[in-house]
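Secondary and tertiary structure notes
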Amino acid sequence: MSPTAKDGEGERVVVVIDDDESVREALRGLFQSVGLVTELYGSVQAFLDAGRRNQAGCIVLDIRLPGRSGLEFQEALARSGAAQSVVLISGHVDVQMAVRAMKAGAIDVLTKPVREQDLLEAVNRALAADQQRREEAKGGLALRARHRTLSERERQVFALVAAGLLNKQIADRVAITEATVKLHRSQVMRKMEAGSLADLVRMADLLAKAEASPER
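Residues numbered from 1 in each chain as written. Predicted model: local features only at pLDDT ≥ 70, side-chain atom pairs only at ≥ 80, totals over all residues. Heavy atoms only, no water.

1. Some remarks on the confidence of the model for the protein
To keep things clear, this is the line we draw: How sure the predictor is of each residue is captured by pLDDT, a score from 0 to 100. Pairs of residues are marked as contacts when any of their non-hydrogen atoms sit within 4.5 Å.
When the pLDDT values of the protein are averaged, the result is 86; 91% of them are 70 or greater. In the predicted structure, residues 1-9 sits below a pLDDT of 50 and forms 21 contacts with residues beyond four places in sequence or in another chain.

2. A look at helix 6 (residues 152-162)
Note the following rule: The cut-offs for exposure are 20% and 50% of the maximum accessible area for each residue type, with area from a 1.4 Å probe on protein chains only; residues under the lower value are buried, those over the upper are exposed, and the others partly exposed. The way it works is that DSSP assigns letters per residue, a run of H or I at least four long becomes a helix, a run of E at least two long becomes a strand, and they are numbered from the N terminus.
Taken as a whole, helix 6 has its buried residues at Glu154, Val157, Phe158, Leu160, Val161 and Ala162. One or two steps after helix 6, the chain reaches glycine 164, where phi turns positive at roughly 100°.

3. Let's talk about the pattern of salt bridges
Selection rule: Should a side-chain nitrogen of Lys or Arg be within 4 Å of a carboxyl oxygen of Asp or Glu, the pair is scored as a salt bridge.
Under the counting rule described, the total for this entry stands at nine salt bridges. With its nearest N and O atoms 3.4 Å apart, the salt bridge here joins aspartate 62 to lysine 112. On the criterion of sequence distance, the pair formed by aspartate 62 in strand 3 (residues 57-62) and lysine 112 in the loop between strand 5 (108-111) and helix 5 (116-148) is long-range, its members being 50 residues apart. Take aspartate 62: its relative accessible area is 4%, and that puts it in the buried class.

4. Structural notes on the packing of helix 6 against helix 8 (residues 178-192)
Formally: Convention adopted: a line fitted to C-alpha atoms gives each axis, helices being fitted over their contacting stretch, and angles between N-to-C directions are expressed from 0 to 180 degrees. Each angle receives one of four descriptions, namely roughly parallel if under 35 degrees, roughly antiparallel if over 145, roughly perpendicular if within 65 to 115, and oblique otherwise. Lys, Arg, Asp and Glu make up the charged group, whereas Ala, Val, Leu, Ile, Met, Phe, Trp, Tyr, Cys and Pro make up the nonpolar group; the residues left over, Gly among them, are polar.
Orientation of helix 6 relative to helix 8, taken along the N-to-C sense of each, is 90°, at an axis distance of 9 Å. In terms of their interaxial angle, helix 6 and helix 8 are classed as roughly perpendicular. Note on element contacts: helix 8 touches helix 6 through Val181, His184, Arg185, Gln187, Val188, Lys191 and Met192, opposite Arg153, Glu154, Val157, Phe158 and Val161. A breakdown of the residues in the contact of helix 6 with helix 8 according to their chemical character gives six nonpolar, two polar and four charged.

5. Description of the sheet that holds strand 2 (residues 37-41)
Spelled out, the test is: By this definition, two strands are paired if DSSP reports at least two bridges between them.
Ordered in space as 2-1-3-4-5, the five strands form an open sheet in which the pairing is parallel. Among the strands making up the open sheet, the edge pair consists of strand 2 and strand 5. Between one strand axis and the next, the sheet turns by 20° as a mean value, whatever way the strands run. Inspection of the sheet shows strand 4 (residues 85-90) paired to strand 5 by four bridges, in the parallel sense. Looking across to strand 5, one finds that leucine 88 is bridged to valine 109.

6. A word on the nonpolar core
So the rule is basically this: Buried Ala, Val, Leu, Ile, Met, Phe, Trp, Tyr and Cys residues form a nonpolar core when they are joined through side-chain atoms within 4.5 Å.
Counting 19 residues, the largest nonpolar core has Val15, Ile17, Phe47, Ile59, Leu61, Phe73 and Leu88 as the members making the most contacts within it. When contributions to this core are tallied by element, the ones reaching two or more residues are strand 1 (13-17), helix 2 (44-49), strand 3, helix 3 (70-80), strand 4 and helix 4 (95-103). Excluding its chain neighbours within four sequence positions, the residues that come into contact with valine 15 are Glu39, Tyr41, Phe47, Gln55, Cys58, Ile59 and Val60.

Have a look at this one:
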């Protein structure tokens, strides 16, 4: 699927936040020329006031903005767990600034004047990363829903199987027979839609990561 295609979350949008109107309009023209839907904002606050914070797509963000800087906003987005990918642009980018941005998850940091091809490539990477994260989040929701169908005992067995314990060890740990462990294990495999032990281990890891992640 193209990063610009529509899916269940609607059309993917490239948000441009830059205080220079001429830059905003130039970027609108560039993105529209390749079929990308674009929204323009002159400041971080204007973007926040529009209530579009977690829409599908990516953000092209000037680092140096009046009020809250682009770099500060990008770091705040990363801390909040917001899904949008960010491409940062600036008239001057030093090494320290670039390192901060990349640590906060920026897809790229580009220096103005930005080569059109470089920017389009960065935006396509950002859109693809955004789409992948959202698809993984949907998969995580389905996985948690399946996990909730397990009984308390099945959840115990699931966790111990995923941790690498053998049936006999699980039986000793939870004080049940090996035959009962096998029965619960079979139920866990069916309810979790797992085809193998490797699937169960992967699912346990994904569930653990989901529990540790900020709410989206």
